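# Per-entry structural report
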Amino acid sequence: MIKTLNRAQHVWIQLTAPTPQELERISHDFFIPFSMLNLHQNGAKSRMIERHAELFAFMLQLPMRSRFDEVMPFTVMNVSVIVMGNVVITISECEHPILTQLEQALTALSTEGNATHLLLHLFEHTIGRYLLAIDEINRTVLEVENQIEKAISNQHIFDLLNHNKSYGAFIRALKHNGRVFKDLAAKRLLLSDHKTDAMLQDVILATLQTQKKVEIYNANLRNLMDAYSAAIENNLSLAVQYLTIFVTIAAIPMAIAGIYGMNTPLPFQDEPYAFVALAGIAAVVAAVVMGFFKARRYL
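Here the structure is a predicted model, which means the values were calculated and not measured. (Residues numbered from 1 in each chain as written. Predicted model: local features only at pLDDT ≥ 70, side-chain atom pairs only at ≥ 80, totals over all residues. Heavy atoms only, no water.)

Further remarks concern the UniProt feature "transmembrane region" (unreviewed entry) in the protein chain. Under the present numbering, the feature "transmembrane region" (unreviewed entry) in UniProt falls on residues 242-261 and 273-293. In the segment residues 242-261, helix accounts for 95% and strand for 0%; the C-alpha atoms at its two ends are 28 Å apart. (UniProt positions renumbered as here; feature names shortened; annotations may be inferred. Helix = DSSP H or I, 4+ residues; strand = E, 2+ residues; numbered from the N terminus.)

See the structure below:
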């Protein structure tokens, strides 16, 4: 699907899940090498910024909520960004809230801006979306932490692990975006003045701060998972310990009953008080054993 937003000083062309015919059309109309139109598909193998004649292209990684059938709450989506003068082309495999919100924000703006302003707004929306996703993950982690305090289970640890995977994806994506922004600033590929240069530096700083924030949350979550994994192991050890003590104490009256249940002559078996006496002996021995366990702090 191709969507075009025409402004006085720039044109924004959005390609969402484009067909090969649509890509060929864009490549032919703007003289863009076909490889530049597929950066979002092979971004890991491409350079930070691809240049050809009067245009340049780079890949931007945007945070995105995962589908319901995926265990990770958030992932990242690659978006190819191609800039040629006052024309900006974005290519993605599906619609993204950042692009939709940016389109609505630009439509509502009364002032006109050039392609550089469009890109800076895109960068700012991207950082804002990362911060919102980080805050949402942190709130979910706190909820899981409260559940763990009441009932620790392996599923809770797996929930924390899935959220930590999102943090890992965010760290890699923010590092990539930060390198792209620094490369854009160093090569001065955008139309710049004092204001836009300051905005780009703010974007670079905000990206770095967001990355550091995610790294801190990632480290804290790893420590939290280690602590609760140790708590699960400790609870299991305590359960086995209590079960062993219970079996040991219960074995005492069962042993006495088993002996006097045999079909052989035994002392006091014909006395009327034999059952009471044997029950008392079993209770005393069990109490002595329990006192021993308490003295050793096993209970």
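The rest of the description comes next.
Below, the discussion takes up the pairing of strand β6 (residues 87-92). Along β6, 6 of the 6 residues are buried, which leaves the element largely enclosed by surrounding structure. Covered by surrounding structure in β6 are V87, I89 and I91 together with V88, T90 and S92, the residues of both alternating faces. Note that strand β2 (residues 11-16) and β6 share 6 bridges and pair parallel. From the neighbouring strand, T16 faces β6, where its bridge partner is S92. Pairing between strand β5 (residues 74-84) and β6: 5 bridges, direction antiparallel. Each bridged residue has a counterpart across the sheet, and for V81 the counterpart in β6 is T90. If you look at the hairpin formed by β5 and β6, you'll find 2 residues sitting between the two strands, and G85 has a positive phi there, around 65°. (Buried < 20%, exposed > 50% of the residue type's maximum accessible area, 1.4 Å probe, protein only. Pairing = 2+ DSSP bridges.)

Attention now moves to helix α1 (residues 20-30). Residues of α1 that are buried: E22, L23, I26, S27 and F30. Down the axis of α1, the sector holding all buried residues measures 135°, keeping them to one side. Residues of α1 that are exposed and angled more than 90 degrees away from the buried face: P20, Q21, R25 and H28. Looking one or two residues past α1, F31 carries a phi angle of roughly 55°, positive in sign. (Arc of directions from axis to C-beta.)

Turning to the pairing of β5, a few remarks are in order. With 10 bridges joining them, strand β4 (residues 55-65) and β5 adopt antiparallel strand pairing. Residue pairing in the sheet places L62 in a bridge with M77 of β5.

Considering all chains together, one arrives at 6 salt bridges under this definition. A salt bridge links D183 to K187; the nearest nitrogen and oxygen atoms lie 3.4 Å apart. Of the two residues, D183 and K187 both sit in helix α4 (residues 154-187), 4 residues apart, roughly one turn of that helix. Residue classification places D183 among the buried positions, given a relative accessible area of 17%. You can call K187 partly exposed: its relative accessible area is 39%. Across the salt bridge formed by R188 and D197, the nearest N and O atoms sit 3.3 Å from each other. (Salt bridge = Lys/Arg side-chain N within 4 Å of Asp/Glu carboxyl O.)

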